[in-house]
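Architecture at a glance
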Amino acid sequence: MVFTSTPPRSYDVFLSFRGKDTREGFTESLYQKLRWHKFDVFKDNTEPKIGMPISEKLLTAIEESKTAVIVISQNFASSTWCLDELLKILECMEARKTVFPVFYDVDPSHVRHQLGSFEKAFRTHEQRPKQDLLKVQLWRDALKKMANFVGWWTSKDHDSETKVLEKIVEEVHAKVNPVFTLSGSKDKLFGIESALKTIIGHLKPEVDDVLVLGIWGISGTGVKDISKTETIVHLQNQLLSQILKENVVDEFDVYGEITSITEHCLRNRKALLILDDVDDINQLEALAVKEEWLGKGSRIIITTRDPTVLRLSGVQTIYKCGLRTREESIKLFSQKAFHKDEPAEDYLKFFNYFVQVSQGHSLGLKILGSALYGKGLHVWESAFDRLRKNPCNDFHSLLRCGFDGLYDTEKDIFLDVLCFFRGELKERVIKILGSLFVGAHVMVYSLVEKSFLTVSNNNCVEMHDLIQELGWEIVREESVKQPGKRSRLWDQDDIVHVLASDTGTEAIECIFLNLPDDHESTMIEDRLNPKAFSKMSNLRFLKIHNLRMSLPLISKYLPDSLRHFEWSCSFQA
């Protein structure tokens, strides 16, 4: 069984530095600058003692960091801790070129040839009793590499330091948030050029007026399982955080303070404000952004699946995202099913029918095409028969047909991810799934290739909303009226019902109970019967958050089948 209480986190930047040289000066300024630009930075505040080995905490932080900035100062080489950090950083990041050296008050040539303070430091290391001389040579080689990397030199001169800080932020941003280009996209984005041209035309870059554009179509982002009030508060805080360049943690009066604060922050600024996946007019009203506040040339873009939101908010210019044309659909489906632009002649009967059923939806074409790639005619005919027998004969059926074409383990992993792991770090997801399935990492990559899963720029596992809705429906169909007979439980009401009424069965494989951090949690706990777990003989995954019930009490009823158990809380005992 794998037991974990808190998930690992990923860092955008790992800062390596010699504490006594730069901790209170340059490194602190760099840390604050990076934080101001919303980077997640690891900065260790431990002052290691001479000879102390590097901690596991730091090794893990380096492994989980996307980039590293190494501040090489006069006394850097005298610290074995710093030198071991450097070796680990190069091991993890050299190949992907995300290591940035800063030569602070030192000549890079002194680092390359180990002169001055560096020569003295290495002489001391080599003369130390029982010192591993091979390790010393590795340290020397690592520093030579750093001197050959593209980096920055600075000193205590304020003007120079300020410019260097700005350049570091630019480089880190380029690595952490790479620019998306159509030419670099793995998938061919059929039809995207004409759509972009139309949208740019609506935005009228040459016009100084403030313009609002509504984009109506199927959105690919947004989580719907939080309350409207929580959504509104989050939107307010997110908007102000972006404007002020600092974290906003206060909750504002939904229709009070936020208006004056937003007006003050946006007054006369030229801004591009994108509100993605808006599904409620109250969300727009809570943000309280008025066109007259913004500076000349500002643009507001609102995307939604509900055109009523745009009409009620008074948006005059609306672009409707069109579905694929038949020609675009044929090319996309051919690329996924045959890896070429034209279908094989023997498959035309089935091919044309699938394109027709897709109704121009890219997602359905990708899903089914990926599922049928490399398969024989008999598999295509089977999918054809299943779709024809379905009375709906629609886009949703196409997605379901793609799901049915997955291997059994792929189906299990897909359902686990959509129910419990969406939005979590890929490495964490693969590690947990690896404790539940053999070859989980291979299956995850296979699901990405088949368009069921995606990996975001910040390395999190994601999927299209419609894919998640399909998976939820598949699980609910296992037992519509009795949640205790479903394989996966994630809805709080369903879980409480099963545990309170002791209606769990051997069908249950995974549970995630996420309770609120308030008095409601205590009220719910009073209704729960921990003995209910004893009936879940096939339970393999259990995650519980904010349950005040005794852990030993629950543990004695957990079945031997359990492979991953997570227990965490956000309240103070």
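Note: the structure precedes this text.
This one's a predicted model, so the numbers in the text were calculated from it and none came from an experiment. (Residues numbered from 1 in each chain as written. Predicted model: local features only at pLDDT ≥ 70, side-chain atom pairs only at ≥ 80, totals over all residues. Heavy atoms only, no water.)

**Examining the side chain of T154**
Inspection of the secondary structure assignment puts T154 in strand β6 (residues 152–154). A distance of 3.5 Å separates a polar side-chain atom of T154 from the backbone nitrogen of E161. Filtering out sequence-adjacent residues up to four positions away, T154 remains in contact with F26, V102, F103, Y104, D105, S160, E161 and V164. (Helix = DSSP H or I, 4+ residues; strand = E, 2+ residues; numbered from the N terminus. Polar contact = N/O pair within 3.5 Å; in protein donor to acceptor, adjacent residues only side chain to side chain. Contact = heavy atoms within 4.5 Å.)

**Quick look at the packing of aromatic side chains**
Going through the model one piece at a time under the given rule, you end up with 22 aromatic pairs. Aromatic side chains F414 and F452 sit 5.1 Å apart centroid to centroid with 70° between the ring planes, which places their arrangement in the edge-to-face category. Highlighted residues: F414 in helix α19 (residues 408–421) and F452 in the loop between α21 (440–449) and β11 (454–455), separated in sequence by 38 residues. For the residue pair F414 and F452, the accessibility class agrees, reading buried in each case. An aromatic cluster of three or more residues is present, and its members are F333, F338, Y347, F350, F351, Y353, F354, W380 and F384. Here K411 stacks its cationic end above the ring of F403, 5.5 Å away from the centre of that ring. (Phe/Tyr/Trp six-rings, centres within 6.5 Å; stacked < 30°, edge-to-face > 60°. Buried < 20%, exposed > 50% of the residue type's maximum accessible area, 1.4 Å probe, protein only. Lys NZ or Arg CZ within 6 Å of the ring centre and 35° of its normal.)

**Details of the nonpolar core**
One finds F414, V417 and L433 to be the most contacted residues of the largest nonpolar core, which totals 35 residues. Mapped onto this core, the elements with two or more residues apiece are α16 (362–372), α18 (395–404), α19, α20 (426–434), α21, α22 (465–476) and β14 (510–514). Contacts of F414, omitting those with residues within four sequence positions, involve F403, L447, F452, L453, I467 and G471. Among the nonpolar cores identified, the runner-up in size contains 33 residues, and A61, M93, F118 and F122 belong to it. (Core = buried A, V, L, I, M, F, W, Y, C linked by side-chain atoms within 4.5 Å.)

**Re the sheet that holds strand β10 (residues 317–320)**
One open sheet accounts for four strands, arranged β8-β9-β7-β10; its pairing is parallel. Because the sheet does not close on itself, it has two edges, and the strands there are β8 (272–275) and β10. For this sheet, the mean angle separating the axes of adjacent strands, direction not counted, is 20°. Pairing analysis gives four bridges linking β8 to strand β9 (residues 299–304), with the strands arranged parallel. Bridge pairing in β9 links L275 to I302. (Pairing = 2+ DSSP bridges. Axes fitted to C-alpha atoms, helices over the stretch in contact; angles between N-to-C directions.)

**Overview of the pairing of β9**
Most of β9 sits inside the fold, with six of its six residues counted as buried. The two faces of β9 match: R299, I301 and T303 on one face and I300, I302 and T304 on the other face are all buried. Pairing between strand β7 (residues 211–216) and β9: six bridges, direction parallel. Pairing of W216 across the sheet is with T304, part of β9.

**A word on the sheet that holds β6**
Backbone-to-backbone hydrogen bonds pair the strands of a sheet. The strands run either parallel or antiparallel. Strand order in the open sheet formed by five strands is β3-β2-β4-β5-β6, with parallel pairing between adjacent strands. Because the sheet does not close on itself, it has two edges, and the strands there are β3 (41–43) and β6. Between one strand axis and the next, the sheet turns through 20° on average, direction left out of account. Alignment of strand β5 (residues 99–104) against β6, held across three bridges, turns out to be parallel. Within β6, the position partnered with F103 by the bridge is W153.

**Topic: the pattern of salt bridges**
The tally for this structure, following the rule as stated, stands at 25 salt bridges. Across the pair K331 and E327 runs a salt bridge, and its minimum N-O distance is 3.7 Å. Remark: E327 and K331 occur in helix α14 (residues 326–338); sequence separation between them is four residues, near one turn of the helix. For E327, a relative accessible area of 54% gives the class exposed. Its salt-bridge partner being E509, residue R540 comes within 3.0 Å of it at the nearest N-O pair. Of the two residues, R540 sits in the loop between α24 (519–525) and β15 (541–545) while E509 sits in the loop between α23 (492–501) and β14, which places them 31 residues apart along the sequence. The exposure class assigned to R540 is buried, which follows from its relative accessible area of 10%. We classify E509 as partly exposed; its relative accessible area is 23%. Here the salt bridges share partners, and the residues they tie into one network are D412, D416, R488, E509 and R540. (Salt bridge = Lys/Arg side-chain N within 4 Å of Asp/Glu carboxyl O.)

**Overview of the environment of I544**
Note that I544 resides in strand β15. A residue is classified by how much of its surface remains accessible, and I544, at 2% relative accessible area, is buried. Taking the C-alpha atoms as reference, I544 lies 8.2 Å from F565; in sequence the two are 21 residues apart. Those residues in contact with I544, other than ones at most four positions away along the chain, are L513, I554, F565, E566, W567 and S568.

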